[in-house]
Amino acid sequence: QVQLVESGGGLVQAGGSLRLSCAASGRTFSYYGMGWFRQAPGKERELVAAISPGGGSTYYADSVKGRFTISRDNAKNTVYLQMNSLKPENTAVYFCAAAWGGYTITTVGYKSWGQGTQVIVSS
């Protein structure tokens, strides 16, 4: 399994942008599908975006399409989430997760998780 560490969260005003990073350990990062999830207080963890091992396929939740972009750099063992036009309802703890061989659109299959990074969007 890979070990994951997220960074880049913080406080931003509505309409602003943040870029989250998730650094992975190990030599097998390029074999993992990667997902960005978020969990707001009192709500279930939900998938925001996901990307295939080679980066050629991506998935976005309807609520973030056109505003968020997931990408990865396998040479740097890092996956990113560029978040633009942020809204207060995007406030949550954001987690990255790894699934061997490809991504899924639920939490099932993601065996490695980061500790999360807090994103707060003020109105």
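Below: a short report on this structure.

**Some thoughts on the state of the cysteines**
Per the stated rule, a full pass over the model turns up one disulfide. One disulfide bridge connects Cys22 with Cys96, the sulfur atoms lying 2.0 Å from each other. Between Cys22 and Cys96, the disulfide has an S-S torsion of 55 degrees and is therefore right-handed. With Cys22 in strand β3 (residues 18-24) and Cys96 in strand β9 (residues 92-100), this residue pair connects regions lying 74 residues apart in the sequence. Pair check on accessibility: Cys22 and Cys96 agree, each one buried.

**Points about the sheet that holds β3**
Strand order in the open sheet made by the four strands is β1-β3-β8-β7, with antiparallel pairing throughout. Each end of this open sheet is capped by a strand with a single partner; those strands are β1 (4-7) and β7 (68-73). Averaged over all neighbouring strand pairs, the angle between strand axes comes to 15 degrees, with direction disregarded. As paired strands, β7 and strand β8 (residues 78-83) are joined by six bridges and run antiparallel to one another. In the sheet register, Ser71 faces β8, and the bridge partner there is Tyr80.

What counts, and at which threshold
- Residues numbered from 1 in each chain as written.
- Predicted model: local features only at pLDDT ≥ 70, side-chain atom pairs only at ≥ 80, totals over all residues.
- Heavy atoms only, no water.
- Disulfide = S-S within 2.5 Å.
- Helix = DSSP H or I, 4+ residues; strand = E, 2+ residues; numbered from the N terminus.
- Buried < 20%, exposed > 50% of the residue type's maximum accessible area, 1.4 Å probe, protein only.
- Pairing = 2+ DSSP bridges.
- Axes fitted to C-alpha atoms, helices over the stretch in contact; angles between N-to-C directions.

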